[in-house]
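# Report on the structure
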Amino acid sequence: MVEQPYQYRRRELAEPDWRRLPGWADVTRAEWESAQWQRAHSVKNARQLRDVVGGGLSEAFLADLERDQRERATMSMLLPPQMLNTIAPSVAGPAAEFTDAWYADPVRRYMLPVFSDRQPEWPSHPYATRDSLHEAEMWAVEGLTHRYPTKVLAELVPTCPQYCGHCTRMDLVGNPTPSFDKHRFTGARDDRLSAMLGYLRSTPTVRDVVVSGGDVANLPWPRVEAFVSALLEIESIRDIRLASKALMGLPQHWLAPDVLAGVTRLAAVARARGVSLAVHTHVNAAQSVTPLVARATRALLDAGVRDVRNQGVLLRGVNDSPGALLDLCFCLLDEAGVTPYYFYQCDMIPGAEHWRLSVREAQALQSAIMGYLPGFATPRVVCDVPYVGKRWVHQVARYDTELGISYWTKGYLTALEAGDPVALEREYPCYDPVHLLPASGQAWWRDQAPRSSRRLQTVSRGDR
Ligand code: SF4
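The paragraphs below set out a description of the structure included in this document. None of these values were measured; they are calculated from a predicted model.

Procedures and definitions
- Residues numbered from 1 in each chain as written.
- Predicted model: local features only at pLDDT ≥ 70, side-chain atom pairs only at ≥ 80, totals over all residues.
- Heavy atoms only, no water.
- Helix = DSSP H or I, 4+ residues; strand = E, 2+ residues; numbered from the N terminus.
- Expected span 1.5 Å × (residues − 1).
- Buried < 20%, exposed > 50% of the residue type's maximum accessible area, 1.4 Å probe, protein only.
- Arc of directions from axis to C-beta.
- Contact = heavy atoms within 4.5 Å.
- Phe/Tyr/Trp six-rings, centres within 6.5 Å; stacked < 30°, edge-to-face > 60°.

Here we come to helix H4 (residues 59–71). End to end, H4 covers 18 Å across 13 residues, agreeing with the expected 18 Å (1.5 Å per residue, within 8%). The complete set of buried residues in H4 reads Phe61, Leu62, Asp64, Leu65, Asp68 and Gln69. With its buried residues spanning 155° around the axis, H4 presents them on a single face. Seen from the buried face of H4, the exposed residues on the opposite side, beyond 90 degrees, are Glu59 and Ala60. Check the buried side of H4 and you find it contacts helix H3 (46–53), helix H6 (95–104) and helix H7 (106–111).

Let us look at unusual backbone geometry. Here Gly213 and Gly214 are connected by a cis peptide whose omega angle stands at 20°. With respect to the element layout, Gly214 can be found in the loop between strand S4 (208–213) and helix H9 (221–232). Not every positive phi belongs to a glycine, and Ala88 is a case in point at roughly 40°. Mapped onto the fold, Ala88 is located in the loop between helix H5 (81–84) and H6. Owing to a relative accessible area of 5%, Ala88 belongs among the buried residues under this scheme. If you check the backbone angles, Tyr387 has positive phi at about 70° while not being a glycine.

As enumerated under the stated definition, the model contains 18 aromatic pairs in all. Between Trp221 and Trp254, the aromatic rings sit 6.1 Å apart at their centres with planes inclined by 80°, giving edge-to-face as the arrangement. Of this pair, Trp221 sits in helix H9 while Trp254 sits in helix H11 (residues 251–255), placing them 33 residues apart in sequence. Owing to a relative accessible area of 7%, Trp221 belongs among the buried residues under this scheme. A relative accessible area of 1% places Trp254 in the buried class. An angle of 55° between the planes, with centres 5.5 Å apart, marks the rings of Tyr342 and Tyr344 as tilted. Here Tyr342 matches Tyr344 in class, with each residue buried.

Given below as structure tokens:
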């Protein structure tokens, strides 16, 4: 047999035993499999984390976590037990060993960031912004982003059952942190949802709706079902995708009988009308794929959704190697029936520099994973370019690797560019983390940083 750079092997899924953690030593399987129990026992602060892990984590780790929440965090802490249980799943032992395992753990690294994780000189890129994709500027009505010609993103709810440290929608999603307040929708929820439906009824060029948030698992199911049912009555809508990281973070929600019954009803109508109804989730590490996640995915497929797809995020220390990405993709595909679909580069929100990869690193990862997975399940590694949208990382038009500035073009207009004669010729910039640049590039950024309040588009080769 030829030795390969990546050795494929199947791995049997296992639900880590939650009873290994002192706070959950008496939790029954029935409690664990209840979405209500999971939501009620989600961990929201260091004190609750200490209660769950007992003396396992060092005081220094907990202080590191609390300092991050005070000084850097863009998202407040929220982890359902299901997700917390996948951190360092097989480590038991003295506090030092346990704490080291937590520091190194991929899920911990993005769900429970600590202060010492952050990049010390450049915790944020000079051009990082709260709404880094400018989604709110492209709202057709409040919460409905119309960025591409034929598809829209509907943000139904600004909360999730779990908060990821790197969340792109940190401007809108979740609770305020000591350093970051949150934008609040001005309209009442039902009015906003009605306005979205009104816009879609009068805009037949839109055929594809991503029903998102936040996470649709945080909207009462009858409201989700009513919204999707209304979408299914709009003749021009041909694709509907429900976005829920909770399929991994809180699979108990999607296994609840009332939710599955509702999905079955929607899927039947979708099938009868020739509309594709799919679920998109967000898994970044193979260890997050547990038997419960696989069971929830199978249940959704059995209920009639056409596909369950994964949109992960490339994060340093989490999945930034070909082996980690392929392990995750095979685990999703072989053991859970989830189709790997995209890996996004982490967006340029504040505090993200220690997570972000350069375009060059992302291109190398895309190249390295080609050829192992079936074509239909080979994820595309994409950069979500501000004012442009998703671009495959090899589509970069021009790339200054010294300054870490990539330039991208597009073949469509948003409403913001209506009447702009050069929008389709313009190159839109995106930025690599400064700490990855050669010394000359870092020196240039140190010189520029005080003037970094200039608009995003103004940095170009001419500024050098
Ligand atoms: S589940 Fe999605 S929307 Fe919610 S915090 Fe995570 S990345 Fe953000």
